[in-house]
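# Summary of structural features
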Amino acid sequence: IFGCVFALNIALNNFSLGYISIAVNLIIRSCLPLSTFLSQQGLAIFGLYPFKPCRWKEITLMVIGCLCAGAFTMARIMGSAASKSSDSDAGSMIMGVMMC
C-alpha cells in the first residue's frame, strides 16, 4: 500500500506542475509536516500507530506556516486572475493546487 501511495503522490505532484509554478508547488509541499502529524495522531486514535506526544509550540508554528502558505497561494491565484483576462488560467491554477 505504501508503494502505491508514494507513486500516486509523485504522479499527482508532477501533474500539478503543468498548472502551477514550482514556487507555488514548493510552498504547498512545505505544509507536509502538519498533515503528517495529523495523520499520525489520527492513526494513533484507532491504535494503528504509536501515540506521539505533541508540543503546542511546534504545532502552532506549523499551523502559522500553513496559513502563510495558504495566503501566498491565494494571492498568487488572485494576482494571476487579475492580471490576465482569461478565467481559465485561474481555474487551471486552482486545479493544480488541488492536485498538489
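Residues numbered from 1 in each chain as written. Predicted model: local features only at pLDDT ≥ 70, side-chain atom pairs only at ≥ 80, totals over all residues. Heavy atoms only, no water.

### Let's talk about the overall build of the protein chain
- When helices and strands are counted, the protein chain shows five helices and zero strands.
- Secondary structure elements in the protein chain, listed N-terminal to C-terminal, are α-α-α-α-α.
- Compactness check: the protein chain gives a C-alpha radius of gyration of 16 Å against a globular reference of 13 Å for 100 residues, more than 25% above the reference.
- Each of the three principal axes of the protein chain carries a C-alpha extent, and together these read 50 × 35 × 20 Å.
- Within the protein chain, the proportion of its 100 residues that are buried is 19%.
- Carbon and sulfur atoms make up 74% of the accessible area of the protein chain, which amounts to about 7100 Å² in all. (Helix = DSSP H or I, 4+ residues; strand = E, 2+ residues; numbered from the N terminus. Rg over C-alpha atoms; globule rule 2.2 N^0.38 Å. Buried < 20%, exposed > 50% of the residue type's maximum accessible area, 1.4 Å probe, protein only. Areas by Shrake-Rupley, 256 points an atom, 1.4 Å probe, with all protein chains shown as cover.)

### Here's the deal with the confidence of the model for the protein chain
- Looking at the protein chain as a whole, the pLDDT averages 83, with 94% of positions reaching at least 70.
- Confidence, expressed as mean pLDDT per element, reaches its minimum in the protein chain at helix 5 (residues 87-99) with 72 and its maximum at helix 3 (residues 32-45) with 88. (pLDDT = per-residue confidence, 0-100.)

### Description of the pattern of salt bridges
- Applying the stated criterion across every chain yields a total of one salt bridge.
- When the shortest N-O distance is used, the salt bridge between Glu58 and Arg55 registers 2.8 Å.
- Overall, Arg55 belongs to the exposed group, its relative accessible area being 57%. (Salt bridge = Lys/Arg side-chain N within 4 Å of Asp/Glu carboxyl O.)

### Regarding the layout of surface pockets
- Of the volumes computed, that of the largest pocket is approximately 300 Å³.
- In terms of residue count, the dominant contributor to the lining of the largest pocket is helix 1 (residues 2-16) (five residues). (1 Å grid on protein atoms, 1.4 Å probe; cavity = no way out; pocket = protein on both sides within 12 Å on 5 of 7 lines; lining within 4 Å. Points joined across faces, edges and corners; volume = space filled by probe spheres on them.)

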